[in-house]
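What follows is each chain in one-letter form.
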2 protein chains.
Amino acid sequence: MKISQATIAEAFENLTPFVRRTPVIDVEVPGIEVPVAVKLELLQYSGSFKARGAFANLLGASVPDAGVAAASGGNHGAAVAYVAGVLGIPARIFVPEISAPAKIAKIKSYGAEVVVDGENYGAALANCQEFLAETGALSLHAYDAPATIIGQGTMAAEFETQVFDGVDTVLMAVGGGGLIGGAAAWYEGAVKLVGVETEGCPTLHNALAAGEPVQITPQGLAADSLGASQIGELMFPLAQKYVSVVTLVEDEDIRKAQEWLWRNLRIIAEPGGATAFSALLSGAYKVAGGERVGVVICGGNTDPTLFGK
Amino acid sequence: MKISQATIAEAFENLTPFVRRTPVIDVEVPGIEVPVAVKLELLQYSGSFKARGAFANLLGASVPDAGVAAASGGNHGAAVAYVAGVLGIPARIFVPEISAPAKIAKIKSYGAEVVVDGENYGAALANCQEFLAETGALSLHAYDAPATIIGQGTMAAEFETQVFDGVDTVLMAVGGGGLIGGAAAWYEGAVKLVGVETEGCPTLHNALAAGEPVQITPQGLAADSLGASQIGELMFPLAQKYVSVVTLVEDEDIRKAQEWLWRNLRIIAEPGGATAFSALLSGAYKVAGGERVGVVICGGNTDPTLFGK
């Protein structure tokens with residue numbers, strides 16, 4: 001399956017009855033001249049954009065009796081579990097021990113079986129691959145599969161229909177690169193596409209610097225959602241072509257962004273969900289006078305009672 | 001100023017540059033056939049619909065040097081403080097001791113002076129009236145003033161533009177009655193309008209039963225936002241004419257609704273904000289097969305770290 005504007009447009013149509021058209025609101029951000037178009041993708045089913053990729057993988061797929069399996073830091077797992085539940089497919093989700101308890105609980109609540117084992121995403125992936133080899137279950141990769149990237153790309157297709165005056169620039173967080181990979185394929189350079197990563201999870205930043213995907217050791221506040229150990233192979237050429245810049249932020253910037261989003265918008269974003277916005281608030285990404293910026297709040301799977309702690 | 005569809009339409013136009021067009025999302029609710037149109041009015045500036053009423057009072061008003069003053073259980077106070085801040089007007093807000101600390105902090109953050117004194121809303125109102133008499137400051141009533149009701153009515157006018165297939169029924173929480181009074185004037189019976197109150201704050205329920213506004217002693221979980229001691233005199237005839245039914249819910253229903261909204265939508269509503277939705281989830285309001293329901297989540301000014309406690 002080719003990752004392109006055409007396949008994303010087709011997926012956008014197919015997914016429409018199944019995914020939520022997440023709202024966009026205009027927000028005044030201190031120091032930025034033009035209101036920022038904020039896409040509340042954290043209101044997506046399962047609490048993050050990942051439901052899009054999971055639906056794109058499973059709608060119309062022929063699924064073996066063993067069902068589906070996925071390895072995930074949490075949000076992809078929740079999404080696969082949610083989508084499998086909606087479509088009546090058995091699901092087994094492999095998550096590393098680093099995953100937030102709230103995410104594990106959520107995955108279970110959708111009726112999936114959860115295997116918590118391994119230090120990081122890589123270890124969970126190895127467990128998942130062993131299971132796939134043994135049972136023949138259908139594999140859903142968290143980011144490095146065409147259907148996953150195409151599904152996430154529908155977020156960009158949808159965003160474009162919602163901001164009638166257009167945007168010059170769109171910021172989104174990067175983990176394994178599924179979301180920004182899909183957005184890169186959708187926009188094809190029509191907007192300035194900015195990736196935002198934390199200092200502890202610079203998968204795309206380091207890959208672009210090296211000219212190829214390189215291993216990192218994910219760490220820090222957003223590692224449970226952005227902590228891929230390598231950027232996706234499939235999206236990397238798209239990023240080289242269409243991602244204008246990758247901005248790095250610090251964990252403290254994210255904490256401040258989470259706090260700001262709550263105080264000013266009554267939105268609880270998880271660290272990875274607040275990462276892109278933090279680049280605006282901290283000035284890590286410098287907005288030009290008159291630049292109309294869009295930003296994606298991509299996930300909300302956190303524990304509100306731990307907020308600010 | 002007459003409270004009517006025409007004056008609300010005019011206010012809707014005037015307020016457009018100042019208030020947020022809050023998003024509406026379709027939500028599947030267990031046991032309800034047709035998706036529910038949920039208006040996320042908690043994303044309004046200042047964290048509740050009350051900013052609408054405050055702007056309607058202050059836009060174009062001639063304000064004395066002493067500025068504005070308001071008595072409020074919290075959300076109206078936050079709204080007046082926010083709006084005064086935007087328009088560059090000095091504000092003094094009188095709140096009862098029952099007010100949530102998060103709301104008091106929010107009012108202060110907008111630059112207003114806050115006077116915390118008195119057991120309930122009535123006591124805070126008395127303090128405010130004394131201040132008004134002494135200084136000649138402009139009074140903003142939390143619900144029983146034409147401009148306040150007209151401003152809140154713009155929520156209904158806006159909602160109508162957002163649900164293209166229309167709704168049969170709209171549910172909203174009732175405290176002093178400003179919001180539902182404005183909605184009643186806007187809809188004029190075009191939809192079934194349902195008020196939702198808690199057992200501890202049945203201002204409109206008791207007034208309709210008695211045929212006139214009667215005193216209550218507000219208590220329970222939602223008292224800090226719905227705890228008016230009497231329904232507004234101005235809205236009461238509108239309610240008699242256009243509010244189809246007032247449904248009562250228990251505090252436990254609200255707790256469950258708050259929990260459900262977080263788990264399923266990643267939304268943190270305050271108790272009063274979750275009250276209308278709780279009538280759907282608990283079955284206190286029985287939805288007919290095929291009935292298309294709209295519901296307003298009207299406020300989010302709570303402390304997320306206390307969530308579920």
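Residues numbered from 1 in each chain as written. Chains lettered and ligands numbered in written order. Predicted model: local features only at pLDDT ≥ 70, side-chain atom pairs only at ≥ 80, totals over all residues. Heavy atoms only, no water.

### Considerations on the sheet that holds strand E3 (residues 68–71) of chain B
All names here are of chain B. Ordered by their spatial adjacency, four strands build an open sheet running E5-E4-E3-E6, and the pairing between neighbours is parallel. What marks the edges here is a single partner per strand, and that holds for strand E5 (113–116) and strand E6 (138–139). In this structure, strand E4 (residues 91–95) lies alongside E5, joined through four bridges in parallel fashion. In the sheet register, Val95 faces E5, and the bridge partner there is Val116. Against the sheet, helix H3 (residues 75–87) contacts E3 and E4, and its axis sits at roughly 165° relative to E3. (Pairing = 2+ DSSP bridges. Helix = DSSP H or I, 4+ residues; strand = E, 2+ residues; numbered from the N terminus. Contact = heavy atoms within 4.5 Å. Axes fitted to C-alpha atoms, helices over the stretch in contact; angles between N-to-C directions.)

### Examining the nonpolar core
In terms of nonpolar packing, the biggest core is built from 146 residues, with A:Leu171, A:Leu204, A:Phe277, B:Leu171, B:Leu204 and B:Phe277 touching the most fellow members. Residues contacting A:Leu204, with those up to four places away along its chain left out, are A:Val174, A:Ile180, A:Glu197, A:Ile231, A:Met235, A:Phe236, A:Ala239, A:Val243 and A:Val246. (Core = buried A, V, L, I, M, F, W, Y, C linked by side-chain atoms within 4.5 Å. Buried < 20%, exposed > 50% of the residue type's maximum accessible area, 1.4 Å probe, protein only.)

### Focus on the pattern of salt bridges
Residues and elements named next belong to chain A. Per the counting criterion, the structure on display carries 14 salt bridges over all chains. Salt-bridge contacts for Arg52 lead to Glu41; the nearest nitrogen and oxygen are separated by 2.6 Å. Here Arg52 is found in helix H2 (residues 50–58), whereas its partner Glu41 is found in the loop between strand E2 (36–39) and H2, with eleven residues between them in sequence. Neither Arg52 nor Glu41 differs from the other in exposure class; each is buried. (Salt bridge = Lys/Arg side-chain N within 4 Å of Asp/Glu carboxyl O.)

### Structural notes on the packing of helix H1 (residues 5–15) of chain A against helix H6 (residues 146–162) of chain A
Residue and element names in this part refer to chain A. At a minimum axis distance of 8 Å, the contact between H1 and H6 shows a crossing angle of 80°. Between H1 and H6, the angle is such that the two are roughly perpendicular. The residues of H6 that touch H1, namely those facing Thr7, Ile8, Ala11, Phe12 and Leu15, are Ile150, Gly153, Thr154, Ala157, Glu158 and Thr161. Residues belonging to the contact of H1 with H6 are distributed by class as follows: six nonpolar, four polar and one charged. (Parallel < 35°, antiparallel > 145°, perpendicular 65-115°, else oblique. Nonpolar A, V, L, I, M, F, W, Y, C, P; charged D, E, K, R; others polar.)

### A word on the side chain of B:Gln258
All names here are of chain B. For Gln258, the location among the structural elements is in helix H11 (residues 251–265). Residue classification places Gln258 among the buried residues on the basis of a relative accessible area of 11%. A polar side-chain atom of Gln258 sits 2.8 Å from the main-chain carbonyl oxygen of Ala269. (Polar contact = N/O pair within 3.5 Å; in protein donor to acceptor, adjacent residues only side chain to side chain.)

### Comments concerning the interface of chain B and chain A
Taken together, the contact between chain B and chain A spans 25 residues of the former and 25 residues of the latter. In total, about 2000 Å² of surface goes out of reach between chain B and chain A, with carbon and sulfur atoms giving 56% of it. There are zero salt bridges connecting chain B and chain A. Counting the contacts that link chain B with chain A gives eight residue pairs in polar contact (both at pLDDT 80 or more). Breaking the side of chain B that touches chain A down by element, the ones donating at least two residues are strand E1 (24–27) and H11 of chain B. Class assignment for the residues of the side of chain B that touches chain A results in 13 nonpolar, five polar and seven charged. (Buried area = accessible area lost by both parts, 1.4 Å probe.)

### Let's talk about the packing of aromatic side chains
According to the stated counting rule, one finds twelve aromatic pairs over all chains in the structure shown. Each ring, one from A:Phe94 and one from A:Phe131, has its centre 5.5 Å from the other, and the planes form 50°; the classification is tilted. Of the two residues, A:Phe94 sits in strand E4 (residues 91–95) while A:Phe131 sits in helix H5 (residues 121–135), which places them 37 residues apart along the sequence. By relative accessible area, A:Phe131 is classed as buried at 11%. Each ring, one from B:Tyr82 and one from B:Tyr110, has its centre 5.3 Å from the other, and the planes form 70°; the classification is edge-to-face. Placement of the pair is B:Tyr82 in helix H3 and B:Tyr110 in the loop between helix H4 (101–109) and E5, with a sequence separation of 28 residues. Given a relative accessible area of 17%, B:Tyr82 falls into the buried group. (Phe/Tyr/Trp six-rings, centres within 6.5 Å; stacked < 30°, edge-to-face > 60°.)

### Details of helix H2 (residues 50–58) of chain B
All names here are of chain B. Counted residue by residue, H2 has nine buried out of nine residues, so it is predominantly covered. For H2, the set of buried residues is Lys50, Ala51, Arg52, Gly53, Ala54, Phe55, Ala56, Asn57 and Leu58. Structurally, H2 contributes buried residues whose contacts are with helix H1 (5–15), strand E2 (36–39), E3, H3, E6 and helix H6 (146–162).

### Quick notes on the domain arrangement of chain A
All names here are of chain A. Here chain A is described as being made up of domain 1 (5–49 + 145–308) and domain 2 (51–139). For domain 1 versus domain 2, the distance between C-alpha centres works out to 22 Å. Contact with domain 1, which involves 29 residues of that partner, is made by 21 residues of domain 2. For the pair domain 1 and domain 2, the interface holds two salt bridges. A salt bridge links Glu158 to Arg52, with the nearest nitrogen and oxygen atoms 2.9 Å apart. Our count for the contact surface shared by domain 1 and domain 2 stands at eleven residue pairs in polar contact (both at pLDDT 80 or more). Those elements that place two or more of their residues in the side of domain 1 that touches domain 2 are H1, H6 and helix H9 (223–226). Sorting elements by how many residues they give to the side of domain 1 that touches domain 2 places H6 first, with seven residues. (Domains from an automatic or database assignment.)

### What about the pairing of strand E10 (residues 293–296) of chain B?
In summary, the side chains of a regular strand alternate between the two faces of the sheet. All names here are of chain B. Alternating positions in E10 separate into two faces, Val293 and Val295 on one and Gly294 and Val296 on the other, with burial throughout. Pairing between strand E7 (residues 169–173) and E10: three bridges, direction parallel. Along E10, the bridge assignment pairs Thr169 with Val293.

### Side note on unusual backbone geometry
A positive phi angle is found at A:Ser46, which is not glycine, with a value near 75°. Take A:Ser46: it is sitting in the loop between E2 and H2. In this structure, B:Arg266 takes a positive phi of about 60° despite not being glycine. Summarising the element assignment, B:Arg266 is placed in the loop between H11 and helix H12 (271–281).

### Considering the relation of the copies chain B and chain A
Between chain B and chain A, the superposition needs a rotation of 180° and an axial shift of 0.0 Å, giving an RMSD of 0.0 Å. Here the symmetry operator amounts to a two-fold rotation axis. In terms of proximity to the rotation axis, the leading residue of chain B is B:Thr305, whose C-alpha is 1.8 Å off the axis. The overlap is high: 100% of the interface residues of chain B also sit at the interface in chain A, so the same surface is used on both sides. (Least-squares fit on C-alpha atoms with pLDDT ≥ 70 in both.)

### As for the environment of B:Met1
Residue and element names in this part refer to chain B. Residue placement: Met1 occurs in the segment before H1. On the basis of relative accessible area, Met1 is assigned to the exposed category, the value being 69%. Sequence separation of Met1 and Gln162 is 161 residues, and the distance between their C-alpha atoms is 27 Å. In contact with Met1, not counting residues within four places along its chain, are Pro146, Ala147 and Ile150.

### A word on helix H3 (residues 75–87) of chain A
In an α-helix, one turn spans 3.6 residues; hence positions three or four apart end up facing the same way. All names here are of chain A. Look at H3: 18 Å from first C-alpha to last across 13 residues, which is about the 18 Å you get at 1.5 Å a residue. In terms of burial, H3 is largely enclosed, as ten of its 13 residues are buried. Buried residues belonging to H3 abut H2, strand E3 (68–71), E4, helix H4 (101–109) and H9. Immediately downstream of H3, the backbone of Gly88 shows phi near 75°, a positive value. (Expected span 1.5 Å × (residues − 1).)

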